[in-house]
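Examining the three-dimensional arrangement
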Amino acid sequence: MTDASLPWSHSPVKVGLVGAGPWARAVHARVLAAGPETQLTAVWARRADAAHETAAPYGADVAARFEDLLDSCEAVAFAVPPSVQAELACRAAEAGKALLLEKPLALELPSAQRLVDAVDTAGVVSQLVLTSRYHPATRRFLAAAQGVDAVGARACWLHGAFLGGDFATAWRLEHGALLDLGPHVLDLLDAALGPIVRVRGTGDPRRWIELTCEHASGAVSQASLSGSVNVEHGITRIELFGPQAELVYDGAALDHEESWPVLRREFATAVRSGKSGELDVHRGLRLQTLMAQAMEA
């Protein structure tokens, strides 16, 4: 596992941030500015006032144009709706910039494929912000799962963020929990039980959707997803079942502040080495492909 407490021996990666919404302010700007692996150099957003509000606490510049942001950095982080990310990340890749990408890559599979093609053509580093995957507890769970002969699994990813507040954004309200929460749960089920070879979805992603996944191992997993239920605390849980005692992952109990130093260290390491890690744009395309399959079922 990555130990982000070890000294960083390279120069900080200069990162420009695209976006200035609640997630950009609460996470991206703060985490990238904290260093020592990265330095927040500039922020660009379509609303200049929001960009100033995001950049000011860290002494970062505000780029007047997206092209100006590209000139100021060697890597670009995105905290924008998927449709915007899919367009602008292609341009950043073509400019030779490493990419720190949000999930999902895009709203639909063809746009995600175009982004992957742009990354591959440019040969740039990419990494996904799959928050839980950078937490030490998640990595311990996935390591333990390799020793479990699981025949089935149940998962819940439930919260009420779509009912109101900062994250009841237009794209989430329109497309629902599959695109917002699906990347997290599909990624973890795929990693814990082996490759998903088929996924079927039932229900309404804007209210409640059930996923049934068939894995190459023969295991079957089911996941309940919703962002529109009134629960006091979010429920993030995976249970693996087999001949041994069940293995449980309770993501709701995690402190995500433990994830960010690991994410930052691994992204900067990838940029400095020129080699993407496991959670790159190709992982994002696999998850997008599974979600598209679920929507077709």
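That block above? That's the structure.
Starting from 1, residues in each chain are numbered consecutively following that chain's sequence as written. Local features in a predicted model are, by the rule used here, given only for residues with pLDDT of at least 70; side-chain atom pairs are given and counted only at 80 or more, and totals for whole chains, interfaces and linings are based on all residues. Heavy atoms from the whole structure form the basis of all side-chain values; hydrogens and water molecules are not counted.

Looking at the sheet that holds strand β10 (residues 220–226)
- Taken in spatial order, the six strands make up an open sheet running β8-β9-β10-β7-β11-β12, and their pairing is mixed. Taken across any chain shown, the strands that pair with only one partner, and hence form the sheet edges, are β8 (196–204) and β12 (247–250). Put simply, the sheet's adjacent strands are angled 10° from each other on average, direction ignored.
- Bridge count for strand β11 (residues 235–241) against β12 is four bridges, and the pairing is antiparallel. Residue pairing for β12: Ile238 is matched across the bridge by Tyr249.
- In what follows, a contact means two residues having at least one pair of non-hydrogen atoms within 4.5 Å. Helix axes are fitted to C-alpha atoms over the stretch in contact, other axes to C-alpha atoms as well, and angles between N-to-C directions run from 0 to 180 degrees. Starting at the N terminus, helices and strands are each numbered in turn, a helix being any DSSP run of H or I of at least four residues and a strand any DSSP run of E of at least two. With respect to the sheet, helix α8 (residues 177–193) is in contact with β7 (152–158), β8, β9 (208–215), β10, β11 and β12, its orientation differing from that of β10 by roughly 155°. One requirement defines pairing of two strands: DSSP has to find at least two bridges between them.

Focus: the side chain of Arg264
- Structurally, Arg264 is set in helix α9 (residues 260–273).
- A distance of 2.9 Å separates the side chain of Arg264 from the side chain of Glu37, its partner in a polar contact.
- Leaving out residues up to four positions away in the same chain, Arg264 has contacts with Val31, Ala34, Gly35, Glu37 and Thr38. Here a polar contact is taken to be a pair of N or O atoms separated by no more than 3.5 Å, where protein atoms must pair a possible hydrogen donor with a possible acceptor and residues adjacent in sequence count only if both atoms sit in side chains.

Observations regarding the pairing of strand β1 (residues 13–18)
- Along β1, five of the six residues are buried, which leaves the element largely enclosed by surrounding structure.
- Here β1 pairs with strand β2 (residues 38–44) via six bridges, running parallel. Of the residues in β2, the one forming a bridge with Val18 is Trp44.
- If the strands point away from the viewer and the path from the first strand over the helix to the second runs clockwise, then the crossover is right-handed. As for the winding sense of the linkage, the β-α-β connection from β1 through helix α1 (residues 22–34) to β2 is right-handed.
- Two strands pair when backbone bridges link them, and β1 and strand β4 (residues 75–78) are joined in this way by four bridges, in the parallel orientation. When the bridges of β4 are listed, Leu17 appears paired with Ala77. The buried label applies to any residue whose accessible area, calculated with a 1.4 Å probe on protein chains only, is under 20% of its type's maximum; exposed applies above 50%, and partly exposed to all values in between.

Quick word on the sheet that holds strand β5 (residues 98–101)
- Here we have six strands laid out as an open sheet, ordered β3-β2-β1-β4-β5-β6, and parallel in their pairing. The open sheet has two edge strands, β3 (61–62) and β6 (126–128), and neither has a second partner.
- Seen against the sheet, α9 touches β1, β2, β4, β5 and β6 and runs at an angle of roughly 155° to β5.

Notes on the packing of aromatic side chains
- Here is the rule: rings of Phe, Tyr and Trp (six-membered ring for Trp) pair when centre to centre is within 6.5 Å. Planes less than 30 degrees apart are stacked, more than 60 are edge-to-face, and the remainder are tilted. Under the criterion given, the structure shown has four aromatic pairs.
- Measuring from ring centre to ring centre gives 6.1 Å for Trp23 and Phe167, while their planes differ by 75°; the resulting arrangement is edge-to-face. You can see Trp23 sitting in helix α1 and its partner Phe167 sitting in the loop between β7 and α7 (170–175), a full 144 residues away along the chain.
- On the accessibility criterion, Trp23 (27% relative accessible area) is partly exposed.
- On the basis of relative accessibility, which here comes to 31%, the residue Phe167 falls in the partly exposed class.
- With a centroid separation of 5.0 Å and an interplanar angle of 35°, the aromatic rings of Phe141 and Tyr249 are classed as tilted. Here Tyr249 lies in strand β12 and Phe141 lies in helix α6 (residues 136–145), a separation of 108 residues in the sequence. Tyr249 matches Phe141 in its accessibility class, with the two residues each being buried.
- Chaining the aromatic ring pairs together yields one cluster made of Trp23, Phe167 and Trp260.

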